[in-house]
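Residue-level structure breakdown
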Amino acid sequence: MKRPYLFLWISFGILFLCKLFFKGDISTLAVFLWSALLSVFLLVKIRMPSKKGILISLTLTVLVVISGLCGRNNAFGTVLFGVGTLLSSMAVTSEAEKNESVKLLRSHDKKGLFLSLAIGAAAAVPLIVINTLAMSSSNAIAPVFEPVRVLWAVQPGIGEEMVMRAVFMAFCLHHTEKPSKAQSIAMYIMMSMPHALGHGMDIIGCLISGVIFGLPFSFLQRKRDITAAIFSHFLVDTARFIIFGC
(Lines give C-alpha, C1' and ligand atoms only; values in the text may rest on other atoms or scores of the structure.)
Protein backbone atom coordinates (compact mmCIF):
# COMPACT_ATOMS: atom_id res chain seq x y z
CA MET A 1 0.00 0.00 0.00
CA LYS A 2 1.33 3.42 -0.95
CA ARG A 3 2.21 5.70 1.95
CA PRO A 4 -0.36 8.39 1.02
CA TYR A 5 -3.19 5.85 1.17
CA LEU A 6 -1.83 4.40 4.40
CA PHE A 7 -1.88 7.92 5.85
CA LEU A 8 -5.49 8.34 4.73
CA TRP A 9 -6.56 5.05 6.32
CA ILE A 10 -4.84 5.87 9.61
CA SER A 11 -6.44 9.32 9.63
CA PHE A 12 -9.81 7.77 8.81
CA GLY A 13 -9.40 5.36 11.73
CA ILE A 14 -8.69 8.26 14.09
CA LEU A 15 -11.76 10.11 12.78
CA PHE A 16 -13.91 7.01 13.25
CA LEU A 17 -12.72 6.64 16.86
CA CYS A 18 -13.43 10.34 17.51
CA LYS A 19 -16.96 9.82 16.23
CA LEU A 20 -17.38 6.66 18.26
CA PHE A 21 -16.09 7.83 21.63
CA PHE A 22 -16.50 11.62 21.72
CA LYS A 23 -19.72 13.57 21.68
CA GLY A 24 -20.25 17.06 20.28
CA ASP A 25 -18.35 18.61 17.41
CA ILE A 26 -15.02 16.79 17.86
CA SER A 27 -15.47 14.70 14.71
CA THR A 28 -16.47 17.77 12.69
CA LEU A 29 -13.35 19.63 13.82
CA ALA A 30 -11.29 16.53 13.05
CA VAL A 31 -12.56 16.50 9.46
CA PHE A 32 -11.73 20.20 9.02
CA LEU A 33 -8.23 19.68 10.46
CA TRP A 34 -7.66 16.66 8.24
CA SER A 35 -8.82 18.61 5.19
CA ALA A 36 -6.60 21.56 6.09
CA LEU A 37 -3.54 19.31 6.43
CA LEU A 38 -4.19 17.72 3.02
CA SER A 39 -4.71 21.17 1.48
CA VAL A 40 -1.49 22.58 2.92
CA PHE A 41 0.41 19.47 1.82
CA LEU A 42 -0.83 19.85 -1.76
CA LEU A 43 -0.07 23.57 -1.85
CA VAL A 44 3.46 22.92 -0.62
CA LYS A 45 3.99 20.16 -3.17
CA ILE A 46 2.42 21.80 -6.22
CA ARG A 47 2.46 25.46 -5.12
CA MET A 48 -0.26 28.09 -5.37
CA PRO A 49 -2.73 28.12 -8.26
CA SER A 50 -2.69 30.72 -11.01
CA LYS A 51 -4.24 34.17 -10.56
CA LYS A 52 -7.42 32.79 -12.11
CA GLY A 53 -7.36 29.87 -9.68
CA ILE A 54 -6.88 32.20 -6.72
CA LEU A 55 -9.79 34.34 -7.94
CA ILE A 56 -12.02 31.26 -8.21
CA SER A 57 -10.99 30.16 -4.71
CA LEU A 58 -11.67 33.60 -3.24
CA THR A 59 -15.06 33.77 -4.97
CA LEU A 60 -16.10 30.37 -3.58
CA THR A 61 -14.91 31.40 -0.12
CA VAL A 62 -16.83 34.69 -0.19
CA LEU A 63 -20.01 32.86 -1.20
CA VAL A 64 -19.58 30.38 1.64
CA VAL A 65 -18.95 33.15 4.20
CA ILE A 66 -21.98 35.15 3.00
CA SER A 67 -24.09 32.02 3.34
CA GLY A 68 -22.80 31.46 6.89
CA LEU A 69 -23.52 35.07 7.83
CA CYS A 70 -27.15 34.58 6.79
CA GLY A 71 -27.80 32.79 10.05
CA ARG A 72 -27.22 29.05 9.61
CA ASN A 73 -23.88 29.08 11.46
CA ASN A 74 -22.40 30.87 14.42
CA ALA A 75 -19.32 33.05 13.97
CA PHE A 76 -16.93 30.18 14.69
CA GLY A 77 -18.62 27.90 12.17
CA THR A 78 -18.55 30.62 9.53
CA VAL A 79 -14.83 31.25 10.06
CA LEU A 80 -14.12 27.51 10.06
CA PHE A 81 -15.93 27.00 6.76
CA GLY A 82 -14.37 30.15 5.31
CA VAL A 83 -10.79 29.14 6.08
CA GLY A 84 -11.45 25.53 5.10
CA THR A 85 -13.01 26.52 1.78
CA LEU A 86 -10.16 28.88 0.93
CA LEU A 87 -7.44 26.31 1.65
CA SER A 88 -9.18 23.38 -0.03
CA SER A 89 -10.28 25.44 -3.06
CA MET A 90 -6.75 26.69 -3.68
CA ALA A 91 -5.33 23.18 -3.30
CA VAL A 92 -7.95 21.59 -5.57
CA THR A 93 -7.72 24.39 -8.14
CA SER A 94 -3.93 24.15 -8.22
CA GLU A 95 -4.08 20.38 -8.67
CA ALA A 96 -6.72 20.75 -11.41
CA GLU A 97 -4.44 23.13 -13.32
CA LYS A 98 -1.73 20.49 -13.43
CA ASN A 99 -3.71 17.25 -13.41
CA GLU A 100 -6.40 16.53 -16.00
CA SER A 101 -7.94 13.91 -13.73
CA VAL A 102 -9.19 16.66 -11.39
CA LYS A 103 -11.86 18.76 -13.10
CA LEU A 104 -13.50 21.85 -11.67
CA LEU A 105 -15.48 22.11 -14.91
CA ARG A 106 -15.13 19.51 -17.62
CA SER A 107 -15.70 21.91 -20.51
CA HIS A 108 -15.19 25.66 -20.20
CA ASP A 109 -17.90 26.74 -22.63
CA LYS A 110 -21.61 27.45 -22.16
CA LYS A 111 -22.62 24.02 -23.40
CA GLY A 112 -20.25 22.29 -20.99
CA LEU A 113 -21.44 24.39 -18.06
CA PHE A 114 -25.10 23.76 -18.90
CA LEU A 115 -24.48 20.02 -19.22
CA SER A 116 -22.72 19.87 -15.82
CA LEU A 117 -25.60 21.77 -14.19
CA ALA A 118 -28.15 19.54 -15.91
CA ILE A 119 -26.38 16.37 -14.77
CA GLY A 120 -26.12 17.76 -11.23
CA ALA A 121 -29.83 18.63 -11.24
CA ALA A 122 -30.82 15.19 -12.54
CA ALA A 123 -28.77 13.51 -9.82
CA ALA A 124 -30.35 15.76 -7.19
CA VAL A 125 -33.95 14.70 -7.92
CA PRO A 126 -33.86 11.19 -6.40
CA LEU A 127 -31.69 12.44 -3.52
CA ILE A 128 -34.25 15.15 -2.73
CA VAL A 129 -37.03 12.53 -2.68
CA ILE A 130 -35.03 10.21 -0.41
CA ASN A 131 -34.03 13.04 1.93
CA THR A 132 -37.60 14.36 2.15
CA LEU A 133 -39.04 10.93 2.96
CA ALA A 134 -36.34 10.29 5.57
CA MET A 135 -36.73 13.67 7.29
CA SER A 136 -40.54 13.67 7.22
CA SER A 137 -40.62 10.91 9.83
CA SER A 138 -39.22 13.26 12.48
CA ASN A 139 -39.80 16.76 11.07
CA ALA A 140 -42.96 18.60 10.14
CA ILE A 141 -43.33 19.47 6.46
CA ALA A 142 -43.95 23.22 6.33
CA PRO A 143 -42.77 24.55 2.97
CA VAL A 144 -41.75 28.21 2.98
CA PHE A 145 -39.93 29.76 0.06
CA GLU A 146 -37.63 32.53 1.23
CA PRO A 147 -34.51 33.72 -0.63
CA VAL A 148 -32.50 33.37 2.58
CA ARG A 149 -33.18 29.63 2.63
CA VAL A 150 -31.62 29.34 -0.81
CA LEU A 151 -28.57 31.23 0.51
CA TRP A 152 -28.32 28.78 3.41
CA ALA A 153 -27.70 25.98 0.90
CA VAL A 154 -24.67 27.71 -0.62
CA GLN A 155 -22.42 26.87 2.33
CA PRO A 156 -22.95 23.08 2.29
CA GLY A 157 -23.13 23.03 -1.50
CA ILE A 158 -19.75 24.68 -1.99
CA GLY A 159 -18.05 24.32 1.40
CA GLU A 160 -18.74 20.66 2.07
CA GLU A 161 -17.99 19.61 -1.49
CA MET A 162 -14.61 21.37 -1.45
CA VAL A 163 -13.54 20.90 2.17
CA MET A 164 -14.89 17.41 2.82
CA ARG A 165 -14.74 15.79 -0.61
CA ALA A 166 -12.81 17.42 -3.46
CA VAL A 167 -9.55 17.82 -1.54
CA PHE A 168 -9.55 14.09 -0.74
CA MET A 169 -9.96 13.29 -4.44
CA ALA A 170 -7.21 15.77 -5.34
CA PHE A 171 -4.86 14.23 -2.77
CA CYS A 172 -5.44 10.71 -4.09
CA LEU A 173 -5.13 11.68 -7.77
CA HIS A 174 -2.01 13.71 -7.04
CA HIS A 175 -0.29 10.46 -6.10
CA THR A 176 -2.02 8.13 -8.59
CA GLU A 177 -3.46 9.73 -11.72
CA LYS A 178 -4.72 6.33 -12.85
CA PRO A 179 -5.66 4.56 -9.60
CA SER A 180 -6.08 0.81 -9.45
CA LYS A 181 -9.43 -0.72 -8.43
CA ALA A 182 -8.30 -0.94 -4.80
CA GLN A 183 -7.07 2.65 -4.86
CA SER A 184 -10.31 3.82 -6.50
CA ILE A 185 -12.35 2.12 -3.78
CA ALA A 186 -10.20 3.77 -1.12
CA MET A 187 -10.60 7.14 -2.81
CA TYR A 188 -14.40 6.85 -2.96
CA ILE A 189 -14.51 5.88 0.71
CA MET A 190 -12.40 8.91 1.61
CA MET A 191 -14.60 11.14 -0.54
CA SER A 192 -17.81 9.83 1.03
CA MET A 193 -17.29 8.91 4.67
CA PRO A 194 -15.35 11.82 6.29
CA HIS A 195 -18.12 14.18 5.18
CA ALA A 196 -20.76 11.89 6.68
CA LEU A 197 -18.81 11.34 9.92
CA GLY A 198 -18.47 15.11 10.29
CA HIS A 199 -22.23 15.42 10.79
CA GLY A 200 -24.20 15.05 14.00
CA MET A 201 -25.60 11.56 13.36
CA ASP A 202 -24.81 8.27 15.03
CA ILE A 203 -22.44 5.81 13.37
CA ILE A 204 -25.17 3.89 11.55
CA GLY A 205 -26.72 7.11 10.29
CA CYS A 206 -23.32 8.30 9.07
CA LEU A 207 -22.68 5.06 7.18
CA ILE A 208 -26.10 5.20 5.53
CA SER A 209 -25.65 8.88 4.65
CA GLY A 210 -22.19 8.20 3.24
CA VAL A 211 -23.57 5.54 0.90
CA ILE A 212 -26.84 7.20 -0.14
CA PHE A 213 -25.61 10.79 -0.45
CA GLY A 214 -21.82 10.73 -0.30
CA LEU A 215 -21.25 8.25 -3.12
CA PRO A 216 -23.47 10.02 -5.70
CA PHE A 217 -21.74 13.36 -5.06
CA SER A 218 -18.37 11.59 -5.21
CA PHE A 219 -19.23 9.96 -8.54
CA LEU A 220 -20.31 13.34 -9.89
CA GLN A 221 -16.97 14.89 -8.92
CA ARG A 222 -14.94 12.03 -10.35
CA LYS A 223 -16.93 11.11 -13.45
CA ARG A 224 -18.20 14.57 -14.47
CA ASP A 225 -16.73 17.50 -12.54
CA ILE A 226 -16.79 19.31 -9.20
CA THR A 227 -19.25 21.90 -10.52
CA ALA A 228 -21.91 19.21 -11.09
CA ALA A 229 -21.45 17.90 -7.54
CA ILE A 230 -21.61 21.38 -6.00
CA PHE A 231 -24.83 22.21 -7.88
CA SER A 232 -26.43 18.87 -7.00
CA HIS A 233 -25.55 19.23 -3.32
CA PHE A 234 -26.84 22.82 -3.37
CA LEU A 235 -30.19 21.73 -4.82
CA VAL A 236 -30.63 18.91 -2.29
CA ASP A 237 -30.04 21.27 0.63
CA THR A 238 -32.15 24.02 -0.93
CA ALA A 239 -35.10 21.64 -1.09
CA ARG A 240 -34.46 20.56 2.50
CA PHE A 241 -34.36 24.11 3.85
CA ILE A 242 -37.46 25.17 1.91
CA ILE A 243 -39.48 22.09 2.92
CA PHE A 244 -38.34 21.71 6.52
CA GLY A 245 -36.48 24.91 7.41
CA CYS A 246 -33.67 22.95 9.05
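For the structure, see preceding data.
The paragraphs below set out a description of the structure included in this document. (Residues numbered from 1 in each chain as written. Predicted model: local features only at pLDDT ≥ 70, side-chain atom pairs only at ≥ 80, totals over all residues. Heavy atoms only, no water.)

**A look at the pattern of salt bridges**
Selection rule: Here, a salt bridge means any side-chain nitrogen of Lys or Arg that lies within 4 Å of a carboxyl oxygen of Asp or Glu. Secondary structure follows DSSP: runs of H or I at least 4 residues long count as helices, runs of E at least 2 residues long count as strands, and numbering of each begins at the N terminus. Relative accessibility thresholds used throughout: buried, under 20% of the residue-type maximum; exposed, over 50%; partly exposed, between the two (1.4 Å probe, protein chains only).
In this structure the tally under the stated criterion is 3 salt bridges. Between Arg-165 and Glu-161 there is a salt bridge whose closest N-O contact spans 2.9 Å. Placement of both Arg-165 and Glu-161 in helix α7 (residues 154-175) is noted, with a separation of 4 residues, approximately one turn of the helix. For Glu-161, a relative accessible area of 0% gives the class buried.

**Here we look at the packing of aromatic side chains**
Stated formally: In this analysis, rings of Phe, Tyr and Trp, with Trp reduced to its six-membered ring, are considered paired at centre separations within 6.5 Å, and the interplanar angle assigns stacked below 30 degrees, edge-to-face beyond 60, and tilted for intermediate values.
In this structure the tally under the stated criterion is 8 aromatic pairs. Where Trp-34 meets Phe-168, the ring centres are 4.9 Å apart and the plane angle is 85°; that geometry is what we call edge-to-face. With Trp-34 in helix α2 (residues 26-46) and Phe-168 in helix α7, the pair connects residues that are 134 residues apart, well separated along the chain. Both residues of the pair, Trp-34 and Phe-168, count as buried. Joined through ring pairs, the aromatic side chains of Phe-7, Phe-41 and Phe-171 make up one cluster.

**Comments concerning the nonpolar core**
Test applied: Definition of nonpolar core: a set of buried residues of the types Ala, Val, Leu, Ile, Met, Phe, Trp, Tyr and Cys, connected through side-chain atoms within 4.5 Å. Every residue pair with non-hydrogen atoms within 4.5 Å of one another is taken to be in contact.
Ranked by size, the top nonpolar core spans 49 residues in total, and within it Leu-8, Trp-34, Val-92, Phe-168 and Ile-226 carry the most contacts. Per element, the largest residue contribution to this core is 13 residues, and it comes from α7. The contacts of Ile-226, once residues within four sequence positions are left out, are Val-92, Val-102, Lys-103, Leu-104, Met-162, Ala-166, Met-169 and Gln-221. Formed by 8 residues, the second largest nonpolar core is a distinct cluster that contains Leu-127, Phe-213, Leu-220 and Val-236.

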